[in-house]
Amino acid sequence: MNKKYSASIYTLGCRVNQYESEAVVDKLIEAGFEIKDFNDVCDIYIVNTCAVTGESDRKSRQYVRRAKNTNPKAHVIVMGCLSQYKLEDLQELNVASYICGNRNKLSVVDAAIALCEGRRVDEYSIVDIDKAPYENMDVMHSDNTRAYVKIEDGCDNNCAYCSIKYARGPVVSRLKTDVIKEVCRLAKMGYKEVVLTGVETASYGKDTGEKLADLIKEIDNVEGIERIRLGSLEPSVLTREFVETLSKTKKFMPSFHLSLQSGSSNVLAAMKRKYNAEQVLAKVDFAKKCIPNVTFTCDIIAGFPGETYDDYVQTCEIIEKIGFLHCHIFPFSKREGTEAAKMSGQILRSEKIARANSIGHTAKRVSCTLYSSIKPGTEFDVLFETPKGDMQIGHTPEMFEVCVTNLESLQGQIRRVRVVSTEKEQIFGELV
């Protein structure tokens, strides 16, 4: 490009979307674009959409319209899950100059260049998601101290409530050699922690014969990387063999995020999940025995069709039994084309929200109890991420949030911290 053009990107949804947006930004910078804030006047606006809930749909459309309102002369590009799942929703807006779905997101860079140079582009580029291969991406930068590394795309589960299989397609895994190359590069850039993420992270290697545990063991040997975490996991992946392997991996952090969804076996069966509540409790119990100080976070859907009061109570009870450090709780969202959308026993929106709020109160109480159990004088190694004035915020290996008063930024450093006190869901400490 002979002229310097500007671009901005807004990302909705999950860590996978955020990773992919960062990869697109890196390619835009490489092509010569100046990256600006989404609220600034730009030549190109890109919206990376989400379709996991009806609210995600609404927000995606909202940001597409907002981009055009910010600069009516700009070109708006839309990509991601809503494009793949419900293209007609975006067509109705009649705003975008280029729309692509998933597994061809890097095409937006060539589209952006062509649009800025006044060349014609096809308005739509939606691939056959059921046949498309893995789209290899690399992230050369990250806004976070910990770096997310995408290792897998797609999902082969058939959960009754989920639209993501239509938007992301079947499981495709990234080559292990490509993952290791990216992790090595991130280590040279100074990142101390990597989080392996995907649409269904536990399905890594299902299509290639690779094993997630073997990938983790290789990353464990990468010089400079001191912490390894995993993205969201279905509880069924916590087999004895897998947990025992992780317990012997020195850099693996003792923290799991479980895609739990409910504490009721009846609801889990209706959702077509691969486990029941009793199996979850047994797997968590084994992990606690095998990995010292391990903690758990989870996702919960409140108000699934047919969920009774007793089912809702069982979800609250499993949160207490397991002792989740944090819970992401969502009211059930009816998604067009899914089995759950046609089920009888649909629950009123007001009741779904009430149950979600109540579950949230239980989760917060449990979390506060976990924090309050940490005694003054206890010491942790903390990776510091976010400076807020003279307060430095970081996380322990178990994902407890720690706050230390220090005038100089500690961002990106792992430092030993002694606990002074706890308050609600935060530890206050001092450097050792």
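In this report, we go over the structure that sits alongside the text. All values derive from a computational prediction rather than experimental measurement. (Residues numbered from 1 in each chain as written. Predicted model: local features only at pLDDT ≥ 70, side-chain atom pairs only at ≥ 80, totals over all residues. Heavy atoms only, no water.)

Scanning the protein chain from N- to C-terminus turns up 13 helices and 18 strands. For the protein chain, the C-alpha atoms occupy an extent of roughly 65 × 55 × 45 Å along the three principal directions. The 432 residues of the protein chain split such that 54% are buried. When contacts within the protein chain are restricted to residue pairs at least 6 apart in sequence, those whose partners lie at least 24 apart make up 75%. Total accessible area computed for the protein chain in this model is approximately 19,000 Å², and 48% of it derives from carbon and sulfur atoms. Charged side chains in the protein chain number 58 positive and 60 negative. The centres of these two groups are separated by 1 Å. (Helix = DSSP H or I, 4+ residues; strand = E, 2+ residues; numbered from the N terminus. Buried < 20%, exposed > 50% of the residue type's maximum accessible area, 1.4 Å probe, protein only. Contact = heavy atoms within 4.5 Å. Areas by Shrake-Rupley, 256 points an atom, 1.4 Å probe, with all protein chains shown as cover. Lys, Arg positive; Asp, Glu negative; His and termini not counted. Charge placed at Lys NZ, Arg CZ, Asp CG, Glu CD.)

This part covers the pattern of salt bridges. Across all of its chains, the model carries 36 salt bridges by this definition. A salt bridge links Glu234 to Arg273; its shortest N-O distance comes to 3.8 Å. Here the residue Glu234 occupies a position in the loop between β10 (227–230) and α9 (240–247), and Arg273 occupies one in the loop between α10 (265–271) and α11 (277–290), the gap between them amounting to 39 residues. A relative accessible area of 3% means that Glu234 is categorised as buried. Taking the relative accessible area as the measure of exposure, Arg273 reaches 11% and is therefore buried. Taken together, the shared-partner salt bridges in this structure form one network comprising Glu20, Arg103, Lys105, Lys150, Asp153 and Arg168. (Salt bridge = Lys/Arg side-chain N within 4 Å of Asp/Glu carboxyl O.)

Turning to helix α1 (residues 15–30), a few remarks are in order. Under the 1.5 Å per step criterion, the end-to-end length of α1 is 23 Å for 16 residues, consistent within 8% with the ideal 22 Å. At the exit of α1 stands Gly32, carrying a positive phi of roughly 105 degrees. (Expected span 1.5 Å × (residues − 1).)

Close contact between α11 and helix α12 (residues 309–322) brings their axes to 11 Å; oriented N to C, the two are set at 10 degrees. Viewed along their axes, α11 and α12 adopt a mutual orientation that is roughly parallel. Across the interface between the two elements, Ala277, Val280, Leu281, Val284 and Lys288 from α11 touch Ile318, Lys321 and Ile322 from α12. Per-class residue counts for the contact of α11 with α12 are six nonpolar, no polar and two charged. (Axes fitted to C-alpha atoms, helices over the stretch in contact; angles between N-to-C directions. Parallel < 35°, antiparallel > 145°, perpendicular 65-115°, else oblique. Nonpolar A, V, L, I, M, F, W, Y, C, P; charged D, E, K, R; others polar.)

So, on to the packing of α12 against helix α13 (residues 349–372). Between α12 and α13, whose axes approach to 9 Å, the crossing angle comes to 20 degrees. Considered as vectors, α12 and α13 are oriented roughly parallel to each other. Crossing of α12 against α13: the hand is right-handed. Where α12 abuts α13, its residues Tyr309, Tyr312, Thr315, Cys316, Ile319 and Glu320 lie against Arg355, Ser358, Ile359, Thr362, Ala363, Arg365 and Val366. (Left-handed = near helix turned anticlockwise from the far one by under 90°.)

With that settled, consider the packing of aromatic side chains. Taken as a whole, this structure holds 12 aromatic pairs when the rule is applied. Consider the rings of Phe38 and Tyr63, whose centres lie 6.1 Å apart with planes at 65 degrees: the pair is edge-to-face. You can see Phe38 sitting in the loop between β2 (34–35) and β3 (44–49) and its partner Tyr63 sitting in helix α2 (residues 54–70), a full 25 residues away along the chain. The class for Phe38 is buried, based on a relative accessible area of 6%. Relative to Phe400, the ring of Tyr371 has its centre 5.0 Å away and its plane inclined at 90 degrees; by these criteria the two rings are edge-to-face. (Phe/Tyr/Trp six-rings, centres within 6.5 Å; stacked < 30°, edge-to-face > 60°.)

Glancing now at the sheet that holds strand β8 (residues 172–173). Strand order across the open sheet formed by four strands is β8-β7-β9-β10, with mixed pairing between neighbours. The sheet terminates laterally at β8 and β10, the two strands that pair on one side only. Bridge count for strand β7 (residues 147–153) against strand β9 (residues 193–198) is five bridges, and the pairing is parallel. For Lys150, the partnering residue across the bridge sits in β9 and is Thr197. Together, β7 and β9 form the strand contacts of helix α7 (residues 176–188), whose direction differs from that of β7 by roughly 175 degrees. (Pairing = 2+ DSSP bridges.)

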